Amino acid sequence: MASVCAAGLLLESCSVYAQTSTPETTVQQSNVQQSGVRIKKTIRLVEVDVIAKDKKGRPVTGLEAKDFSLRDNGRAEKITLFSIQNRSDQDQEKAGKEAEGTPSASNSIRVFSNSHPSSSAPVVILMDLLNTSWDNQPAMKSALMASLKRIPQQMPVALLILGDDLKVVSDFTTDTNSLTALLEKPSVARQEGSGPAITAPKTSNKKFNDAILKTAVRAFNQETGDRLYRTMRALDLIHRQLTRMRERKSLIWIGGGLSVTPHDWPVVRNVIDEFNDANVAVYTVDARGVVLDYGVGADIDEQDMLGPWAEEQADTRGDILDVIARSTGGVPYRNTNALDKAVLRAVDDNSTVYTLGYYPQHDDWQGKPHKIEVKVARAGVSLRYRSGYLATPEAKPEAADQQQMLDAIAASPLDFPGLRFSVEAKPGSDSGTQSLTLHVPVSELRLSFQDDKLVGALQLWFIQKRPSGDDLTRKTSTFGFQLTPSEYENAVARGLTLASALKLNKTTAKVRVLLRDNNSGRVGTVDVPVIPVTKPAPVH
């Protein structure tokens, strides 16, 4: 039997209900003293990841929460949560040891977590063939292969290719050698765009030339609009997948840029807002390398009347990449032929990340944009962070999408940090059992407001796995809780705990603990190996 309550409080002092296959029942709390906590109808944590650099562009370390100040639409906000991701060679070694479990005060107890201060932010690499000319594609591929060989270990990397459709080459993996092997497979560079190249061949008749050029320009604009639509749709799909993961994510987009008209700008602005809302920093790498002025290159078809006009459009294609990168807290890389170094700089930009979390004071969650401003009380330090967010309540995912995601996460070889928590594991009191205690920060959960209380619900899976990784058994439970203002105040400071005694199969090698927040749909997993029973040394 499992229990859930605010850590540090007795179970009897919490309003708790639990469900497995039976309807939910509620145990009401009575005679609880109300605290001064202001309970709003929508409780939503906003997290802002901040990159701090000195005048030489080096990461600034050693900053504390007190060094930062934050404003939301001009209103000063209290920084409630503060954390640091600091990646180094020593951190990577530490992260590997943490995966084996951190010993607690008792040698028989181990603590496992899907959130480590030294862990690497997930990186998605998008090879954009749709918007990259065929003559730039081989260099783009070679540069990506070279950079993958130098990406730090333990960094989760996914590889996507945008052509006629968005193709997943590899889901998140820390094995960059496998990604390199996939890219080494022979492939044919595709033509840029959605079809054959559009040209306007010159004739000896001026009237014909005018009509040909007019038709070609119209076709070019239609093709450009179609390409923009396909690209924005692909970026939207990427955003929808990454929004399931709570922490900072990086999208490295390698391509030849886009042509955007003022009429199309709202579509781009919407994608920027979505990435900001999902905490995704976009790093753009212009695959065209050093772009020369029109007329400098040698491969110019003087008989193509569309050439000069298309080249003028090409001059601004990198501008939209700059806007998307800077608006999401990323960096644009342009006018460089060292594409591999640009990719690595984008990866290394996340070596030190400060995360500031706050609960906005406003109660308006009707989709209005909010501007974020962050300052630091240290001279000579420049900050980079997302420019804002849309004040919208998080949408509840569709049931079919949730089930598909749960199946994929349950089968994944990697811990999934969409919902961060830790598990304390020790041998159970009975033979063949293991005691598991989950510690869940309240900031990870979306709570609703009902009858002057904050209400939440969690689904928990214990998936026992063989040494091969195949599933043995699954145990599922649903837990609900209601917190008064005073209990909520304690829970914010101490988190929630959920304890269970699990009977193990004889061939179980590890238990995948999967936790889902019912209100937001966020999911996290932690793998816990079977903890052997330590027999006391014989007394002589």
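Treat the numbers as computed from the prediction; the structure is a model and nothing was measured.

## Describing the overall build of the protein chain
Then comes step 1: Scanning the protein chain from terminus to terminus reveals 10 helices and 26 strands.
Then comes step 2: Put simply, the protein chain has 540 residues, and 50% of those count as buried.
Then comes step 3: Within the protein chain, residue pairs in contact and separated by at least 24 positions form 76% of the contacts whose partners lie at least 6 positions apart.
Then comes step 4: On the protein chain, roughly 26800 Å² of surface is accessible, and the fraction owed to carbon and sulfur atoms is 51%.

## Considering the pairing of strand β12 (residues 249–255)
Then comes step 1: Counting buried positions over the 7 residues of β12 gives 7, a clear majority of the element.
Then comes step 2: The side-chain alternation of β12 yields two buried faces, one formed by K249, L251, W253 and G255 and the other by S250, I252 and I254.
Then comes step 3: Sheet topology note: the strand β9 (residues 123–128)/β12 ladder contains 5 bridges and is parallel. Each bridged residue has a counterpart across the sheet, and for I125 the counterpart in β12 is I252.
Then comes step 4: Looking at chain direction, β12 and strand β13 (residues 280–286) are connected through 7 bridges and run parallel. By the bridge assignment for β13, S250 is matched with A281.
Then comes step 5: Handedness of the crossover is the feature at issue here: the chain leaves β12, passes through helix α5 (residues 265–277), returns alongside β13, and the resulting connection is right-handed.

## Comments concerning the sheet that holds strand β15 (residues 352–358)
Then comes step 1: Spatially, the 4 strands line up as an open sheet ordered β6-β15-β3-β17, and their pairing is antiparallel. Both outer strands of the open sheet, β6 (81–86) and β17 (382–384), are each paired with one neighbouring strand and no more. Going from strand to strand, the sheet's axes swing by 30° on average, the running direction of each strand aside.

## Considering the sheet that holds strand β4 (residues 68–72)
Then comes step 1: Across the sheet, which stays open at both edges, the 4 strands sit in the order β5-β4-β16-β18 with antiparallel pairing between neighbours. The open sheet terminates on both sides in strands that have one partner only, identified here as β5 (75–77) and β18 (388–391). Each adjacent strand pair in this sheet contributes to an overall mean axis angle of 35°, direction not counted.
Then comes step 2: Pairing analysis gives 4 bridges linking strand β16 (residues 368–376) to β18, with the strands arranged antiparallel. Looking at the pairing, H370 lines up with Y389 of β18.

## Quick look at unusual backbone geometry
Then comes step 1: Of note in the backbone geometry, N335 takes a positive phi value of approximately 50° without being a glycine.
Then comes step 2: Checked against the element boundaries, N335 lands in the loop between β14 (332–333) and α8 (339–348).
Then comes step 3: Located in the positive-phi region is D451, a residue other than glycine, with phi close to 50°.

## Concerning the packing of aromatic side chains
Then comes step 1: This structure, assessed with the given rule, holds 4 aromatic pairs.
Then comes step 2: An angle of 40° between the planes, with centres 6.4 Å apart, marks the rings of W365 and Y389 as tilted. Here W365, found in the loop between β15 and β16, pairs with Y389, found in strand β18; they are 24 residues apart in sequence, far enough to count as distant. Per residue, the accessibility class of W365 equals that of Y389, and both read buried.
Then comes step 3: Grouped by ring-pair contacts, the aromatic residues F68, F82 and Y354 constitute a single cluster.

## Quick look at the confidence of the model for the protein chain
Then comes step 1: Of all residues in the protein chain, 74% have pLDDT values of 70 or greater, and the mean over the chain is 77.
Then comes step 2: Per-residue pLDDT, averaged within each element of the protein chain, yields its smallest value for strand β2 (residues 15–19) (31) and its largest for β4 (96).
Then comes step 3: Here residues 89–100 is a poorly scored stretch, pLDDT under 50, and it has 12 contacts once near neighbours within four places are set aside; other chains count.
Then comes step 4: Predicted confidence for residues 293–298 stays below pLDDT 50, and this span has 5 contacts to residues more than four positions away or in other chains.

Definitions and limits used
Residue numbers here run from 1 along each chain, matching the order of that chain's written sequence. For a predicted model such as this one, the threshold for reporting local features is a pLDDT of at least 70, and the threshold for listing and counting side-chain atom pairs is 80 or more; totals across whole chains, interfaces and linings nevertheless cover every residue. The basis for every side-chain value is the complete set of non-hydrogen atoms in the structure, without hydrogens or water. Strands here are runs of E lasting at least two residues and helices are runs of H or I lasting at least four, both read from the DSSP assignment and numbered beginning at the N terminus. Here the term buried applies to any residue with accessible area under 20% of the maximum for its type, exposed to any over 50%, and partly exposed to those in between, with areas from a 1.4 Å probe on protein chains only. Any two residues whose heavy atoms approach within 4.5 Å are treated as being in contact. Computed by Shrake-Rupley with a 1.4 Å probe, the accessible areas treat only the displayed protein chains as cover when residues are assessed. What makes two strands pair is DSSP finding at least two bridges between them. By convention, a crossover is right-handed whenever its connection, traced from the first strand over the helix to the second and viewed with the strands pointing away, goes clockwise. Fitting a line to C-alpha atoms yields each axis, with helices limited to the stretch in contact; the angle taken between N-to-C directions then spans 0 to 180 degrees. Aromatic pairing here means that ring centres of Phe, Tyr or Trp (its six-membered ring) are within 6.5 Å. Orientation follows from the plane angle: under 30 degrees is stacked, over 60 is edge-to-face, and everything else is tilted. Predictor confidence is given residue by residue as pLDDT, running from a minimum of 0 to a maximum of 100.

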